[in-house]
Amino acid sequence: MLNIERNSILFKISLAFLLIIFLSSVFFFFLYQNAKERELKDFIKNAVLLVTSGRSEIPKSIESNYEIIEDPEFIYNVYTNGKVELERDFLTIKIYLIEYEHQHYVLVNQFGINFLVKKKNEFSLHRLVILSWIMFNVIIVGIYIGIVKSFYPLKVLREKIKALKSGSFDVKIDVEKNDEIGFIAKEFNEAITTLKKNEEIRRWFLRNIAHELKTPITKGKIAIELLEDEKGKQHFEKIFNRLEFLVNQLMTVEKIVSKDIKLKFECLEVKKVIDNAISLLLATEKPNINIVLNEELKIKVDLNIFSIAVKNLLDNGLKFSEDGKVDVIVKDKKIYFINKGDKPPFNEELLFEPFIKETSLKNQEGLGLGLYITKFIADFHNVKIQYQYQEGKNVFILDLSQVIC
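This is a predicted model, so every value here is computed, not measured.

Peer 1: Please provide a residue-by-residue account of the overall build of the protein chain, values included.
Peer 2: Helices and strands together make up the secondary structure of the protein chain, namely 9 helices and 12 strands. Each of the 405 residues in the protein chain was classed as buried or not, and the buried ones make up 35%. Of the contacts made within the protein chain by residues no fewer than 6 positions apart, 63% connect residues no fewer than 24 positions apart. As displayed, the protein chain has an accessible area near 26100 Å², and 55% of this comes from carbon and sulfur atoms.

Peer 1: Give me the lowdown on the sheet that holds strand β2 (residues 83-89), citing residues and values where you can.
Peer 2: Reading across the sheet, the 5 strands line up as β1-β5-β4-β3-β2 and stay open at both edges, with antiparallel pairing between neighbours. Every other strand in the sheet has two partners, leaving β1 (66-69) and β2 as the edge strands with one partner each. Shown here is a sheet whose adjacent strand axes are inclined to one another by a mean of 25 degrees, direction ignored. As judged from the 6 bridges shared by strand β4 (residues 103-110) and strand β5 (residues 113-119), these two strands associate in the antiparallel manner.

Peer 1: How would you summarise the packing of helix α7 (residues 270-280) against helix α8 (residues 303-319) if you had to cite specific residues and measurements?
Peer 2: To characterise two packed helices, one gives the angle between the axes of the helices and the distance between these axes. In contact at an axis separation of 8 Å, α7 and α8 are set at 65 degrees when each is read in the N-to-C sense. The orientation of α7 with respect to α8, classified from their angle, is roughly perpendicular. For the crossing formed where α7 meets α8, the hand is right-handed. Each of Lys272, Val273, Ile274, Asn276, Ala277, Ile278 and Leu280 in α7 lies in contact with α8, whose residues at this interface are Leu303, Asn304, Phe306, Ser307, Ile308, Val310, Lys311 and Leu314. Each residue belonging to the contact of α7 with α8 can be placed in one class, and the counts come to 10 nonpolar, 3 polar and 2 charged.

Peer 1: Describe in detail the pattern of salt bridges, supporting the description with residues and values.
Peer 2: In total, this model carries 3 salt bridges according to the counting rule given. The salt bridge involving Asp275 is made with Lys271; its shortest N-O contact spans 2.8 Å. With Asp275 and Lys271 both in helix α7 and 4 residues apart, the pair spans about one turn of that helix. On the basis of relative accessible area, Asp275 is assigned to the partly exposed category, the value being 32%.

Peer 1: How would you sum up the side chain of His104? Please name residues and give values.
Peer 2: Summarising the element assignment, His104 is placed in strand β4. Side chain to side chain, His104 and Glu85 meet in a polar contact 3.1 Å long.

Peer 1: Outline unusual backbone geometry, listing residues and values.
Peer 2: Although it is not a glycine, Lys333 adopts a positive phi angle of roughly 60 degrees. Position of Lys333 relative to the elements: it lies in the loop between β9 (326-331) and β10 (334-340). Phi is positive for Glu391, which is not a glycine, with a value near 50 degrees. Relative to the assigned elements, Glu391 resides in the loop between β11 (384-390) and β12 (393-399).

Peer 1: An account of the packing of aromatic side chains is requested, with residue identities and associated values reported.
Peer 2: Pairs of aromatic rings are described using the distance from one ring centre to the other and the angle between the two planes. Here the structure, examined in full by the defined rule, presents 11 aromatic pairs. Each ring, one from Phe28 and one from Phe136, has its centre 5.9 Å from the other, and the planes form 50 degrees; the classification is tilted. Taken together, the residues span a long stretch of sequence, with Phe28 in helix α1 (residues 9-52) and Phe136 in helix α4 (residues 125-165) at a distance of 108 residues. Accessibility expressed as a relative area gives 13% for Phe28, which makes it buried.

Peer 1: Before we move on, can you summarise the environment of Val78 with the specific residues and values?
Peer 2: Within the secondary structure, Val78 sits in helix α3 (residues 72-81). C-alpha separation for the pair Val78 and Leu107, spaced 29 residues apart in sequence, amounts to 9.0 Å. If near-sequence neighbours (up to four positions away) are discounted, Val78 is found in contact with Ile98, Tyr100, Tyr105 and Leu116.

Peer 1: So what about a nonpolar patch on the surface? Which residues, and what values?
Peer 2: Taken together, Leu19, Phe22, Leu23, Val26, Phe29 and Phe30 make up a surface patch of nonpolar side chains, about 620 Å² in accessible area. Tracing the chain through its elements places Phe29 in helix α1. Its relative accessible area of 46% is what places Phe29 among the partly exposed residues.

Peer 1: Quick rundown of the pairing of β12? Include the residues and the values.
Peer 2: Counting buried positions over the 7 residues of β12 gives 6, a clear majority of the element. Here β10 pairs with β12 via 7 bridges, running antiparallel. Across the sheet, residue Lys340 finds its bridge partner in β12, namely Lys393. Relative to β12, β11 runs antiparallel, the two being bridged by 7 bridges. Residue pairing for β12: Gln386 is matched across the bridge by Ile397.

Peer 1: Got a sec to walk through a negative patch on the surface? Specific residues and values, please.
Peer 2: Negative charge collects at one region of the surface, where Glu228, Asp229, Glu230 and Glu237 lie side by side. Position of Glu230 relative to the elements: it lies in helix α6 (residues 230-257).

Peer 1: So what's going on with the sheet that holds β10? Residues and values would help.
Peer 2: Adjacent strands of a sheet form backbone hydrogen bonds with each other and so pair up, either parallel or antiparallel. On the basis of which strands lie adjacent, the open sheet formed by 5 strands has the order β7-β9-β10-β12-β11 and mixed pairing. Edge positions in the sheet fall to β7 (289-293) and β11, since each has one partner strand and no second. Pairs of neighbouring strands in the sheet enclose a mean axial angle of 15 degrees, with direction left out of account. Across the sheet, α7 touches β7, β9 and β10, and the angle it forms with β7 is around 170 degrees.

The rules behind the values
- Residues numbered from 1 in each chain as written.
- Predicted model: local features only at pLDDT ≥ 70, side-chain atom pairs only at ≥ 80, totals over all residues.
- Heavy atoms only, no water.
- Helix = DSSP H or I, 4+ residues; strand = E, 2+ residues; numbered from the N terminus.
- Buried < 20%, exposed > 50% of the residue type's maximum accessible area, 1.4 Å probe, protein only.
- Contact = heavy atoms within 4.5 Å.
- Areas by Shrake-Rupley, 256 points an atom, 1.4 Å probe, with all protein chains shown as cover.
- Pairing = 2+ DSSP bridges.
- Axes fitted to C-alpha atoms, helices over the stretch in contact; angles between N-to-C directions.
- Parallel < 35°, antiparallel > 145°, perpendicular 65-115°, else oblique.
- Left-handed = near helix turned anticlockwise from the far one by under 90°.
- Nonpolar A, V, L, I, M, F, W, Y, C, P; charged D, E, K, R; others polar.
- Salt bridge = Lys/Arg side-chain N within 4 Å of Asp/Glu carboxyl O.
- Polar contact = N/O pair within 3.5 Å; in protein donor to acceptor, adjacent residues only side chain to side chain.
- Phe/Tyr/Trp six-rings, centres within 6.5 Å; stacked < 30°, edge-to-face > 60°.
- Patch = residues over 30% accessible without salt bridge, like charges linked within 9 Å, V, L, I, M, F, W, Y side chains within 5 Å.
- Lys, Arg positive; Asp, Glu negative; His and termini not counted.
- Charge placed at Lys NZ, Arg CZ, Asp CG, Glu CD.

Here it is, written out as structure tokens:
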């Protein structure tokens, strides 16, 4: 069945049903007590009427439902061994309501003579109340089970959404219902089909662009060799090398996001990963990066892919730093990327969302994908990434505790 969480709708429904059962039980309990008390009063009244009145004066309903027991020995056993629940003393009559062997009797003592009255059919009304209470609870429990079963597809939907969140489009919900949940399941399946088509188009588009760009880049690099001007040759060679690097990085990122890549995990020194990330920076000048290694760490990561994440954090720090510097500090099994600068002008929760970017002059060429890709790579390596703003400094933290080797 379903795991009921405290904040779920099903939990609230369960509480409502428990409240209904509790209140109905209280209601039926008082109804039962009232019915039993009323029957006992009628029993005593009719028993006294049966004893004190002549046979001709007794209604047939009373005569047919009640019986006078005249056996002295049985009367004595009932009186001595039974439980006296009620005792009333009038001028000429004493009345006792006695329970004996799960049966009620009325003992009437009139002028010193004992009469024991028994009801032929033991109290039927209060038993009917008990039966009604049982039937009511059975119906309520049946309705509750039906509601819980109708919620089961939501659990399936939740699991499918989790699978979708992890990047799998091979999800489908088989629900043959015409209610609201069935409608949601149908819409979900149609949405998955649309997303799958869009993902296939996106992959084809990116790969086709990368393929088309490689041809002119290759031709351009060949044409460079024909240049006689050595200075111009170096300039164009650097441009084409950057273009080729960007195309290759675009393809790598596309494979990471689509999980169409096999990672090669190696036990590497953190310093080597950072140096490799610095080499990926497309900077015309040597970047102003201050590295502080407070501890020697080795981590199990894919060098090429994880370096992209580190490179993006370095590039982000340099781009938005007021003094053009980034401090990289390795301590406590973490890497800290620190730069002086203003806090981002949007909610911190949006930092790692795609296409969220600062619209300043510093970031005119950015697409808002750097931190998104960084988080994606970090999650892929089971590395947690955090952001803090402390004393006028932006601090990004990579927690390496799960990848230490």
